[in-house]
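What follows is the residue order along each chain.
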Amino acid sequence: MTEPAENAHFLPRSGMDVPRFAGIPTFMRLPYCPPEQAAPVEIAIVGVPWDGGTTNRAGARHGPRQLRDLSTMIRLVNQATGISPFRLARCADLGDAPVNPADLHDSLARIEGFFASLDTRGIVPLVAGGDHLVSLPVLRALARGRAPLAMIHFDAHTDFYDSYFGGFRYTHGTPFRRAAEEGLIDPARVVQIGIRGTAYDGEDVAWARAHGVRVVFIEELEDRGFRAIVEEARAIVGSHPCYVSFDIDAIDPAQAPGTGTPEVGGIPVLTAQRMIRMLDGLDLIGADLVEVSPPFDPSGQTAWVGVNLMFELLCVLARAVVRRRQAAG
Ligand code: MN
Ligand code: MN
């Protein structure tokens, strides 16, 4: 596909022009675009620097800044697929969503409002968390007029728990229980991949399966292979509007240790990259990469894995944007 002239302003700065370690870091070296001036943007990369839903080791609030820094290593072209997302769609860094580190529900409202404002302008979000509760207000924003959404969810955990600490219903272990109850997602069109580790009591998995969620444990992924699992996921999602949520703890902690709730025996990075590439063709309306926790990631290794997964997500999001643009004539 030829590069639309109006896209030139939205191309990342090349490391052949300015060294990657130089300058102000934006996501993937894209231009920063203030949200109120984002009308021409088709895909917004947005940080949500908030971890008020974390139940164990905190720190994901620092994720967006570290992910921006490491993302300056990302180049233009996906050599595996040939996709150059920046040439397919106008992408920009829209900064961080507003948050209130001292008030959970105020944060959820602010985050939802921010993404609803993008959605009304037709801007597709690629979100950098933040902890996994961040997905709930993003889904609330995207579900307006589209609910219930399909979702493909990579994680070591289902995040389908009901409550923590005696009935508290909003943590990074509960976002998808709330999303299902609120009608934002259709459990029968939700696929979870990579689930593993020790459990509290299994109530989360039982509830999810009883409501139709396809829960793929890591052992099944290894036994059947990633192609068979993603083919099944694609069939479950069909042509429905689909959100992709990627918790970095889905990746094996040998490769991505810097996260709050690591679980051994996870997905290799390359397998995850290849699974995301296989999502090309779905009607993807947004995606997130959450739970990178820089205080537990002193080398930046986990953020580096995270930004490469964000790039894979951006590639398939850009393809979906092109298809919708062409369908709209
Ligand atoms: Mn998790
Ligand atoms: Mn999670």
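Up top is the structure these notes are about.
Residues numbered from 1 in each chain as written. Chains lettered and ligands numbered in written order. Predicted model: local features only at pLDDT ≥ 70, side-chain atom pairs only at ≥ 80, totals over all residues. Heavy atoms only, no water.

Draft legend 1. The arrangement of the overall build of the chain in detail. Helix and strand counts for the chain come out as ten helices and eight strands. For a compact globule of 329 residues, the expected C-alpha radius of gyration is about 20 Å, and the chain comes in at 18 Å, within 12% of that figure. When the 329 residues of the chain are sorted by exposure, 59% land in the buried category. Contacts spanning at least 24 positions in sequence make up 77% of the contacts within the chain whose residues lie at least 6 apart. Carbon and sulfur atoms make up 53% of the accessible area of the chain, which amounts to about 12,900 Å² in all. Side-chain charges in the chain split into 31 positive and 39 negative, and the spacing between the mean points of these groups amounts to 6 Å. (Helix = DSSP H or I, 4+ residues; strand = E, 2+ residues; numbered from the N terminus. Rg over C-alpha atoms; globule rule 2.2 N^0.38 Å. Buried < 20%, exposed > 50% of the residue type's maximum accessible area, 1.4 Å probe, protein only. Contact = heavy atoms within 4.5 Å. Areas by Shrake-Rupley, 256 points an atom, 1.4 Å probe, with all protein chains shown as cover. Lys, Arg positive; Asp, Glu negative; His and termini not counted. Charge placed at Lys NZ, Arg CZ, Asp CG, Glu CD.)

Draft legend 2. Spatial organisation of the packing of aromatic side chains. Following the criterion strictly, the structure yields nine aromatic pairs and no others. Between Phe86 and Phe311, the ring centres sit 6.2 Å apart and the planes meet at 40 degrees, which makes this aromatic pair tilted. Of this pair, Phe86 sits in helix H2 (residues 85-88) while Phe311 sits in helix H10 (residues 301-327), and the two are 225 residues apart along the sequence. Accessibility assignment for this pair places Phe86 and Phe311 in one class, buried. When the ring of Phe160 is compared with that of Phe176, the centres are 6.4 Å apart and the planes differ by 50 degrees; the resulting orientation is tilted. One end of the pair, Phe160, is in the loop between strand E4 (149-154) and helix H5 (175-181); the other, Phe176, is in helix H5, and 16 residues separate them in sequence. In textbook terms, an aromatic cluster arises when at least three aromatic residues are bridged by ring pairs, as seen for Tyr161, Tyr164, Phe165 and Tyr200. Its guanidinium or amino end placed over the ring of Phe296, Arg57 lies 3.8 Å from that ring's centre, counting from NZ or CZ. (Phe/Tyr/Trp six-rings, centres within 6.5 Å; stacked < 30°, edge-to-face > 60°. Lys NZ or Arg CZ within 6 Å of the ring centre and 35° of its normal.)

Draft legend 3. Examining the layout of surface pockets more closely. In this structure, the largest pocket spans a volume of roughly 410 Å³. Taken together, 26 residues form the lining of the largest pocket, with His157, Tyr161, Tyr200, Thr261 and Glu263 sitting closest to its centre. Residue classes in the lining of the largest pocket are distributed as eight nonpolar, eleven polar and seven charged. (1 Å grid on protein atoms, 1.4 Å probe; cavity = no way out; pocket = protein on both sides within 12 Å on 5 of 7 lines; lining within 4 Å. Points joined across faces, edges and corners; volume = space filled by probe spheres on them. Nonpolar A, V, L, I, M, F, W, Y, C, P; charged D, E, K, R; others polar.)

Draft legend 4. Spotlight on the coordination of the manganese ion (ligand 1). The protein atoms donating to the manganese ion (ligand 1) are Asp155 (OD), His157 (ND1), Asp247 (OD), Asp249 (OD) and Asp249 (OD), with metal-donor distances spanning 2.1 to 2.5 Å. Mapped onto the sequence, the donors of the manganese ion (ligand 1) take the spacing D-x1-H-x89-D-x1-D. In this structure, the manganese ion (ligand 1) is positioned 3.2 Å from the manganese ion (ligand 2), and both are ligated by Asp155. Placement of the pair is His157 in the loop between E4 and H5 and Asp249 in the loop between strand E7 (242-247) and helix H9 (269-277), with a sequence separation of 92 residues. In this pair, the class of His157 matches that of Asp249, namely buried. (Donors = N, O, S within 2.8 Å, 3.2 Å for Na, K, Ca; no water.)

Draft legend 5. Just the pairing of strand E1 (residues 43-48), in detail. Among the six residues of E1, six are classified as buried, and the element is accordingly described as predominantly covered. Note that E1 and strand E2 (residues 91-96) share four bridges and pair parallel. In the strand pairing of E2, Ile45 is matched with Asp93. As paired strands, E1 and strand E3 (residues 124-129) are joined by six bridges and run parallel to one another. Bridge pairing links Ile43 to Val124 in E3. (Pairing = 2+ DSSP bridges.)

Draft legend 6. Here's a closer look at the coordination of the manganese ion (ligand 2). Protein-derived ligands of the manganese ion (ligand 2) are His132 (ND1), Asp155 (OD), Asp159 (OD) and Asp247 (OD), with the metal-ligand distances lying across 2.1 to 2.2 Å. Along the chain, the residues that donate to the manganese ion (ligand 2) are spaced as H-x22-D-x3-D-x87-D.

Draft legend 7. Looking closely at the pattern of salt bridges. Applying the stated criterion across every chain, the model contains 20 salt bridges. Linking Arg325 and Glu42 is a salt bridge whose minimum nitrogen-to-oxygen distance equals 3.0 Å. Note that Arg325 is positioned in helix H10 and Glu42 in the segment before E1, a separation of 283 residues in sequence. For Arg325, a relative accessible area of 30% puts it in the partly exposed group. When the shortest N-O distance is used, the salt bridge between Asp106 and Arg110 registers 2.7 Å. Of this pair, Asp106 and Arg110 are both found in helix H3 (residues 104-120), four residues apart, which corresponds to roughly one turn of the helix. Overall, the relative accessible area of 37% leaves Arg110 in the partly exposed class. A single salt-bridge network, built from bridges that share partners, covers Asp162, Arg169, Arg178 and Glu181. (Salt bridge = Lys/Arg side-chain N within 4 Å of Asp/Glu carboxyl O.)

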